[in-house]
Every structure is written in structure tokens, then in C-alpha cells.
Amino acid sequence: MIDTHAHLDMPEFDNDRNELVSEMKRHGILSAIIPGIAADKWQKQLELAEQYQWYFALGIHPWYVPDDIDRAISLLDAKLQECRENRRLVAVGECGLDKLHHWSDKQLLLLEKQLQLAQTYQLPVILHAVKAHQELLALLTRTRLSRGGVIHGFYGNSQTAKQYIALGFKLGVGGLLLNPSAKKLRQAVTELPIEHFLLETDSPSMSPFDQPKSRNTPLTLNRIVSEISFLKKSETVCILEQLNKNAVQLFEL
Ligand SMILES: [Zn+2]
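A few points on the structure. (Residues numbered from 1 in each chain as written. Predicted model: local features only at pLDDT ≥ 70, side-chain atom pairs only at ≥ 80, totals over all residues. Heavy atoms only, no water.)

Section: the pattern of salt bridges
Tallied over the entire structure, the rule returns 12 salt bridges. We note a salt bridge from Lys79 to Glu82, for which the minimum N-O separation is 3.3 Å. Residue Lys79 and its partner Glu82 are both found in helix H3 (residues 69-82); the two are separated by 3 residues, about one turn of the helix. Under the relative-accessibility criterion, Lys79 is labelled buried at 12%. A relative accessible area of 55% places Glu82 in the exposed class. Between Arg186 and Glu227 there is a salt bridge, and its shortest N-O distance comes to 2.8 Å. With Arg186 in helix H7 (residues 183-191) and Glu227 in helix H8 (residues 221-232), this residue pair connects regions lying 41 residues apart in the sequence. With respect to burial, Arg186 and Glu227 carry one shared label: buried. One continuous salt-bridge network, built from bridges that share partners, spans Asp14, Arg17 and Lys44. (Salt bridge = Lys/Arg side-chain N within 4 Å of Asp/Glu carboxyl O. Helix = DSSP H or I, 4+ residues; strand = E, 2+ residues; numbered from the N terminus. Buried < 20%, exposed > 50% of the residue type's maximum accessible area, 1.4 Å probe, protein only.)

Some thoughts on the coordination of the zinc ion
Within the protein, the zinc ion binds to His5 (NE2), His7 (NE2), Glu94 (OE) and Asp202 (OD); these donor distances fall in the range 2.1 to 2.6 Å. Around the zinc ion, the 4 donor atoms sit at angles spanning 84 to 173 degrees, and that spread fits a shape best called irregular. Each donor residue of the zinc ion belongs to the same chain, and together they define the spacing H-x1-H-x86-E-x107-D. The exposure classification of His5 matches that of His7, with both residues buried. (Donors = N, O, S within 2.8 Å, 3.2 Å for Na, K, Ca; no water. Tetrahedral: all angles 85-135°; square planar, octahedral: opposite > 155°, others 65-115°.)

Brief notes about the layout of surface pockets
Once rolled over the atoms, a probe with the size of a water molecule shows which space is left empty. Here the largest pocket is characterised by a volume of approximately 630 Å³. Ranked by residues supplied to the lining of the largest pocket, first place goes to strand S5 (residues 125-130) with 3 residues. Considered class by class, the residues forming the lining of the largest pocket number 12 nonpolar, 12 polar and 6 charged. The space that makes up the second largest pocket amounts to roughly 190 Å³. Forming the boundary of the second largest pocket are 14 residues, of which Asn86, Leu89, Val90, Leu123 and Arg147 lie nearest the centre. Classifying every residue of the lining of the second largest pocket by side-chain character gives 7 nonpolar, 2 polar and 5 charged. (1 Å grid on protein atoms, 1.4 Å probe; cavity = no way out; pocket = protein on both sides within 12 Å on 5 of 7 lines; lining within 4 Å. Points joined across faces, edges and corners; volume = space filled by probe spheres on them. Nonpolar A, V, L, I, M, F, W, Y, C, P; charged D, E, K, R; others polar.)

Structure below.
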């Protein structure tokens with residue numbers, strides 16, 4: 001298994017990262033993709049990815065819109081250029097739109113420029129989308145990225161999911177699926193082919209509904225896979241095999 005979205009570089013993991021990695025291995029979770037959120041955190045991601053043989057993405061999260069967007073984008077451009085030959089660099093992101101946090105037109109501008117970089121460097125993009133599917137779909141329709149990407153932590157109905165799929169995007173499914181009240185998501189996973197989904201936790205965020213106070217870790221993946229198997233009435237091993245294939249294919253791992 002690979003966790004396609006885990007912020008394992010965050011300080012929440014500084015005290016027990018080695019132990020967690022051993023525990024992950026015991027549960028068959030062999031790697032992770034560490035998404036980028038801000039320029040001052042890229043270097044730590046790179047070092048940890050090297051140390052633990054993880055993958056990483058470089059980008060600027062919509063909660064961290066910088067004052068000087070042009071300068072931040074040229075820093076990102078330079079970092080992408082520097083890491084061009086690094087096989088652990090697999091995507092641009094995490095970038096996107098979030099209407100519940102610091103929403104302004106600057107998020108749109110920052111995202112648009114990151115999509116252009118994804119196209120320039122021929123990388124897929126890891127997108128964060130909260131209450132902004134219409135704006136995001138409009139932008140992606142205009143931009144048409146040749147490597148596509150993933151709508152991470154997807155929460156929407158089958159109709160919205162199909163629009164993203166038509167634009168070449170996969171849908172990242174995490175701990176939210178375990179919540180019986182996440183009806184739209186559970187229905188989308190039940191209805192749409194497994195080829196369109198990726199497995200993720202968004203650790204340390206998005207703890208399962210029944211452990212709201214605890215730190216989320218990639219170990220939650222086992223529960224998510226079981227739930228997908230249950231919803232799709234299919235063997236866990238088949239589901240797992242296809243989900244791995246999806247990640248390998250999108251990110252060229
Ligand atoms: Zn994230």
C-alpha cells in the first residue's frame with residue numbers, strides 16, 4: 001500500500017517518525033507521497049523523502065497564499081527545476097481552492113500559476129478543493145493539463161466526480177469514507193469504477209469520525225480499504241491491487 005497524501009513532514013510526527021514508519025511497514029504500507037504546502041517547508045520534505053524512500057510533491061497550499069504571489073511562484077519554479085531529475089518528485093501540489101479558509105481571488109491566481117507549472121514540467125497536480133467545485137472545474141476545463149491529477153480528499157456526489165474524471169482526474173478517498181453520514185461520497189465510491197480512485201489519509205488531519213481527537217496516521221489505510229471493498233462487494237486484495245495500480249499509473253512511481 002501507498003498513502004498518496006500524507007503530511008508526514010509535519011511536526012506532529014517529529015517525535016516518533018521512525019516508530020511510525022516501522023509500524024506502517026508491518027501493516028504493508030511501504031511508501032507515501034508528501035504534498036508540499038509552503039516554500040519554507042519544501043526542504044524538510046525533500047530530506048525526509050530521501051531518508052524514508054517516500055515521494056513528494058512541491059506546491060503552495062491555498063491556506064498559505066503568500067503576499068507576493070509572483071515571487072513565490074518563481075521560487076516554486078526554481079525548486080521544480082532543481083528537482084527535475086529527482087525521481088521522488090512526482091507532482092505539483094498541494095494547491096487548490098478553499099472557500100472555508102482565507103478565501104479570496106488570490107487563491108485563484110496562485111492556483112492558475114501552479115497549474116501552468118504542472119504543465120511546463122509535465123507533472124500531475126494534487127488538488128485541494130473545498131466548496132469550490134464549480135470554480136475549479138471551470139479552471140481545469142480552461143487549462144487542460146496533459147498529466148491530469150487528483151482531487152485529494154474528494155467530497156462530492158457522483159455527478160461532480162464524473163466531471164473531474166472526464167478532465168483526466170482521479171479522486172482521492174480517505175477517512176471520511178468511514179463516516180456513515182458521508183452519504184454522497186459513499187455513493188460515489190459504490191457507483192463509479194475503482195480505476196478512478198486513489199487511497200489517502202491526509203495525515204495528521206482527517207482523523208476517522210470515531211477517533212476525532214487523535215492524530216491521523218497512514219495506518220488508517222487498512223480501514224479505508226476494507227470499507228471500499230465492502231461498498232464495492234469485492235475482495236480486499238483485488239481492490240488493493242487496483243488502487244496501487246492507479247497510484248503507480250498517475251504518478252509514474
Ligand atoms: Zn493535504
